[in-house]
Structures are given as C-alpha cells and as structure tokens.
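Chain by chain, the residues:
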Amino acid sequence: MTQSSHPIDKTPLSSDYIPGGRPLNGWKALTIFCGLFSIVLIANGALSYFAIKSFSGEVIPHPYEHGLAYNREILAARAQNNRNWRVDVTLNKLSPDKTEISITARDKNGNMLQNLMFEAQVETPTNLAKDIRLSFEEKDPGRYVSDFSLPPGQRDLVLTARQSGEEVFRSHNRLHLR
C-alpha cells in the first residue's frame, strides 16, 4: 500500500480553554434558569405595580352599584326621549385659562325651560381625580351659565337637569378643549 501524500499535522490546536474550571452541571443550569426567571418576575411585578398605581381602571366610581341601576336608567332615558326637549350647549373661551359653558333649554314646542337645576361633571377619561363638578345659574329664562378652568385636552361632559328633585335630563358629550 502506498501512503497518503498528505502528511498529518500533529501540533495541538490553540484554544482559550484553561483546564481546572467548573463544568456546567445540572445544578448550575438550574440556578441560571431560576435566576433569569426571577429577573422576569421581578420586572413584571414592578411594571404591574406602577400600572395599577397610575390608573385604577375605574371609569366611574362604584361601578357595581351603577350596573345594578341600569334598568332604571333605561326607563329614565325613554321618559327623556318622550319629552322631546332641545338642549344646546355652547362653549365660550373667556380667557386662555377660563371657559364658559352656556346651556339653552327648550321644550318640544320651542318654549324656554325655566327653573331647572343644571349640573355638569367635566370628566377626564383617563383619571377620575381630575374630574370637576359644575353648578349652573339661570342668567335668563331658559339660559344657564357656568365657567371653569381646565388645561387643553379631551373631556367628557355629563350634563344633568333636575326639576323638583327628580332627574329629568341627562346627556353625555365629548369635549375638545383647546
């Protein structure tokens, strides 16, 4: 037989391995695995804490009680619809930081509605703590006015009117304050 024409190189390959280190065994792998999951769990816990602390998720106070009263709200909405009232809301900018809300209320025949108690809640959709309540005074027959101060942004205006202590009108509108 003939020998191969390629000689075999018997010199050792260079490596950064230093003998005497600790090998990767089952306990070491388990410790690394548990350590990484602990970091993930701690990060999730911190993010959850700050998310819940900054926004409770409640859009209205006492949502359970509000849900129980739903059927009464349906009946009140039907009664309001049968009245055929026309209620117009106008926003007037009085100054850079003050806005006036003017309400004009008319019955189905176009007559001005007098002696109503209008109230409003200007709600910030993402933060209940920034909501403000407004009371209106009747400036002219059927014309009710109030003013408030809020920074620009989107708000919800929940407008209610009472007559003889009974709620007779409710509307919910989105405002864009500039």
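Everything quoted here is computed from the prediction, not taken from an experiment.

A. Region of interest: the nonpolar core. Membership of the largest hydrophobic core comes to 22 residues, with the highest contact counts inside it found for Ile-103, Leu-116, Phe-118, Phe-136 and Leu-159. Listed by contribution, the elements that provide at least two residues to this core are strand S2 (98-106), strand S3 (117-123), strand S6 (143-148), strand S7 (153-163) and strand S8 (166-177). Ignoring anything within four residues of it in the chain, the contact list for Ile-103 reads Val-87, Asp-88, Val-89, Phe-118, Phe-136, Gly-142, Arg-143, Tyr-144 and Leu-159.

B. Representation of the pattern of salt bridges. In the structure shown here, the tally under the stated rule is 5 salt bridges. The residue Asp-156 makes a salt bridge to Arg-174 at a minimum N-O spacing of 2.5 Å. Remark: Arg-174 occurs in strand S8 and Asp-156 occurs in strand S7; sequence separation between them is 18 residues.

C. The arrangement of a nonpolar patch on the surface in detail. Taken together, the side chains of Leu-24, Ile-32, Leu-36 and Ile-39 make up a nonpolar region of the molecular surface, amounting to roughly 430 Å² of accessible area. Its relative accessible area of 52% is what places Leu-36 among the exposed residues.

D. Up close: empty space enclosed by the protein. Summed over the entire model, instances satisfying the criterion amount to 1 cavity of 30 Å³ or more. Taken as a whole, the largest cavity spans an internal volume of roughly 40 Å³. Residue lining of the largest cavity: Val-59, Glu-123, Thr-124, Pro-125, Leu-128, Asp-131 and Asp-156, and that is the complete set.

About the criteria used
Residues numbered from 1 in each chain as written. Predicted model: local features only at pLDDT ≥ 70, side-chain atom pairs only at ≥ 80, totals over all residues. Heavy atoms only, no water. Core = buried A, V, L, I, M, F, W, Y, C linked by side-chain atoms within 4.5 Å. Buried < 20%, exposed > 50% of the residue type's maximum accessible area, 1.4 Å probe, protein only. Helix = DSSP H or I, 4+ residues; strand = E, 2+ residues; numbered from the N terminus. Contact = heavy atoms within 4.5 Å. Salt bridge = Lys/Arg side-chain N within 4 Å of Asp/Glu carboxyl O. Patch = residues over 30% accessible without salt bridge, like charges linked within 9 Å, V, L, I, M, F, W, Y side chains within 5 Å. Areas by Shrake-Rupley, 256 points an atom, 1.4 Å probe, with all protein chains shown as cover. 1 Å grid on protein atoms, 1.4 Å probe; cavity = no way out; pocket = protein on both sides within 12 Å on 5 of 7 lines; lining within 4 Å. Points joined across faces, edges and corners; volume = space filled by probe spheres on them.

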